[in-house]
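Each chain, letter by letter, is given below.
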Amino acid sequence: MRTALVVGGTGQVGRAVVPALVADGWQVRVLSRGSRQDGATVEAWGATSVVGDRHDPAVRDRALAGGVDVVIDVVGYDDRDATAWLESRDRIGSAVVVSSAAVYVDDAGDGFETDTFGTFPVPLDESQPTVEAGRDTYATGKVALERTWLDSDVPATVLRAAAIHGPGCVQPREWTFVRRVLDGRDVRVLAFDGLSRFQTVATSVLADLVRLAAAQPGDRVLNAADPDAPTVAEIARVVDATLGAESGTVTFTGPPQGNLGLTPWAVPHPLVLDTSRAARELGHVARGGYADTAPDGIHWLVDEAARRDWRDAFPGFVRMEAMGDFFDYAAEDAYLADRRP
């Protein structure tokens, strides 16, 4: 039986990847620093839990015992996370590594982490330039991770993931609209005329890509994205439809005005990923578009928010609030009041 080691397998991506591999006939080991509950979850998936810190050589030795056909790293951050595994390359058949579309820059060098958001071709394919490898930022670290694997003698597939959504998501952008429904808000205000397009990817889509890449080892870089790229207004309507709500939408031209019109998808230029290479090289066919895959994650958000304070449930979203207050209802009400005749 083929053996897969999933590093970080109890998180948002792992909870989709591990069951998909098990269903595909893999013997799966899951390495995480997790709790006893995580171990029970892994066993319920039909996988084997390996508990410990990936940076501990003894833990890595246990995880690779007897060798594995593929290492799947869904949480690698920079080159050091690749180098550690490559010290045991003789026990690794191939690798699949989840990276990020945040690595891309436009021809002027602007991207996700620059003052000016990049102006990218639509759609954007894997030949687009990236930031330089480094350790100073999220994007530079991801490029360093990619290059270390791709420059090794271990066949490696790199998946550049778009904005991830799905159950277990640590940075659930959809919470922006889900909370509004739960708070009884019946209107939303969107910048850029509600037309911002910031490519999404479901964890289920990522899991399919991982599963296919694991079965077809090779050196490649692939965009990982939903087959469609909905606008922010379309995303809001999917949330409403999922939760049985009816909300009005008010838009204005141009960027957010302070918190007004701010969402995690509010970008001035579209980011749309070309996924044709994954279709050609892996035979990937998406199971559905955003409206088909998003409801599972939306319902999960509602359930988690009912169990505990949302700031404890979604710490990644809390960190995103460095951008501003996504729930500045007072600013919205003032803006809407000024528009009334």
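Residues numbered from 1 in each chain as written. Predicted model: local features only at pLDDT ≥ 70, side-chain atom pairs only at ≥ 80, totals over all residues. Heavy atoms only, no water.

**Q** A description of the environment of Ala202 should follow, citing residues and the corresponding values.
**A** Within the secondary structure, Ala202 is located in strand β9 (residues 200–202). Each C-alpha atom, one on Ala202 and one on His299, is 14 Å from the other, the two residues being 97 residues apart in sequence. (Helix = DSSP H or I, 4+ residues; strand = E, 2+ residues; numbered from the N terminus.)

**Q** So what's going on with the side chain of Asp73? Residues and values would help.
**A** Turning to its location among the elements, Asp73 is positioned in strand β4 (residues 68–73). Residue class for Asp73 comes out buried when judged on its relative accessible area of 0%. Separated by 3.1 Å, the side chain of Asp73 and the backbone nitrogen of Val75 make a polar contact. Among the polar contacts listed, one links the side chain of Asp73 to the backbone nitrogen of Gly76, at a separation of 2.9 Å. Once residues within four sequence positions are removed from consideration, Asp73 is found in contact with Val7, Arg54, Asp81, Trp85, Val96, Val97 and Val98. (Buried < 20%, exposed > 50% of the residue type's maximum accessible area, 1.4 Å probe, protein only. Polar contact = N/O pair within 3.5 Å; in protein donor to acceptor, adjacent residues only side chain to side chain. Contact = heavy atoms within 4.5 Å.)

**Q** Lay out helix α8 (residues 232–243) with the relevant residues and their values.
**A** With 12 residues, α8 extends 17 Å between its outermost C-alpha atoms, agreeing within 8% with the 16 Å of an ideal straight helix rising 1.5 Å per residue. As for α8, its buried residues are in contact with α6 (175–182), β8 (187–190), β9 and α10 (290–307). Two residues or fewer past α8, Gly244 is found with a positive phi of approximately 70 degrees. (Expected span 1.5 Å × (residues − 1).)

**Q** Account for the sheet that holds strand β2 (residues 27–32), with residues named and values stated.
**A** Spatially, the 7 strands line up as an open sheet ordered β3-β2-β1-β4-β5-β6-β10, and their pairing is parallel. The sheet is open, and its two borders are formed by β3 (48–51) and β10 (220–224), each paired with just one other strand. Shown here is a sheet whose adjacent strand axes are inclined to one another by a mean of 20 degrees, direction ignored. In the sheet, β4 pairs with strand β5 (residues 92–100) via 5 bridges, with the strands oriented parallel. Residue pairing in the sheet places Val71 in a bridge with Ala95 of β5. Lying on the sheet, helix α5 (residues 138–150) is in contact with β5, β6 (156–161) and β10; it crosses β5 at an angle near 160 degrees. (Pairing = 2+ DSSP bridges. Axes fitted to C-alpha atoms, helices over the stretch in contact; angles between N-to-C directions.)

**Q** Describe the packing of aromatic side chains, listing the residues and the values that go with them.
**A** Aromatic ring pairs: the centre-centre distance and the angle between the two ring planes describe each pair. Under the criterion given, the structure shown has 15 aromatic pairs. Plain terms: the ring middles of Phe252 and Tyr335 are 5.9 Å apart, the flat faces sit at 55 degrees to each other, and that makes the pair tilted. Of this pair, Phe252 sits in the loop between β11 (248–251) and α9 (276–282) while Tyr335 is found in helix α13 (residues 329–339), placing the two residues 83 residues apart along the sequence. Relative accessible area serves as the criterion here: at 19%, Tyr335 is assigned to the buried category. Relative to Phe327, the ring of Trp310 lies with its centre 5.9 Å away and its plane at 75 degrees, an arrangement referred to as edge-to-face. Remark: Phe327 occurs in the loop between α12 (315–320) and α13 and Trp310 occurs in helix α11 (residues 310–313); sequence separation between them is 17 residues. The class for Trp310 is buried, based on a relative accessible area of 12%. (Phe/Tyr/Trp six-rings, centres within 6.5 Å; stacked < 30°, edge-to-face > 60°.)

**Q** Explain the packing of helix α1 (residues 14–23) against helix α7 (residues 203–215) residue by residue, including any values.
**A** In contact at an axis separation of 8 Å, α1 and α7 are set at 45 degrees when each is read in the N-to-C sense. Comparing their axes, α7 and α1 come out oblique. As α1 packs across α7, the resulting crossing turns out to be right-handed. Contacts between α1 and α7 involve Ala16, Val17, Ala20 and Leu21 on the former and, on the latter, Thr203, Ser204, Ala207, Val210, Arg211 and Ala214. Of the residues belonging to the contact of α1 with α7, the class tally is 7 nonpolar, 2 polar and 1 charged. (Parallel < 35°, antiparallel > 145°, perpendicular 65-115°, else oblique. Left-handed = near helix turned anticlockwise from the far one by under 90°. Nonpolar A, V, L, I, M, F, W, Y, C, P; charged D, E, K, R; others polar.)

**Q** Explain the nonpolar core to me, and be specific about the residues and the numbers.
**A** Residues Leu21 and Ile72 are the most contacted members of the largest nonpolar core, which totals 78 residues. Looking at this core element by element, the count peaks at 8 residues for α7. Every residue in contact with Ile72, bar those within four places of it in the chain, is listed here: Ala4, Leu5, Val6, Val7, Leu21, Val96, Val210 and Ala214. If you look at the next biggest cluster of nonpolar residues, it comprises 19 residues, including Val7, Ala63, Val97 and Leu145. (Core = buried A, V, L, I, M, F, W, Y, C linked by side-chain atoms within 4.5 Å.)

The analysis is restricted to geometry; functional conclusions fall outside its scope.
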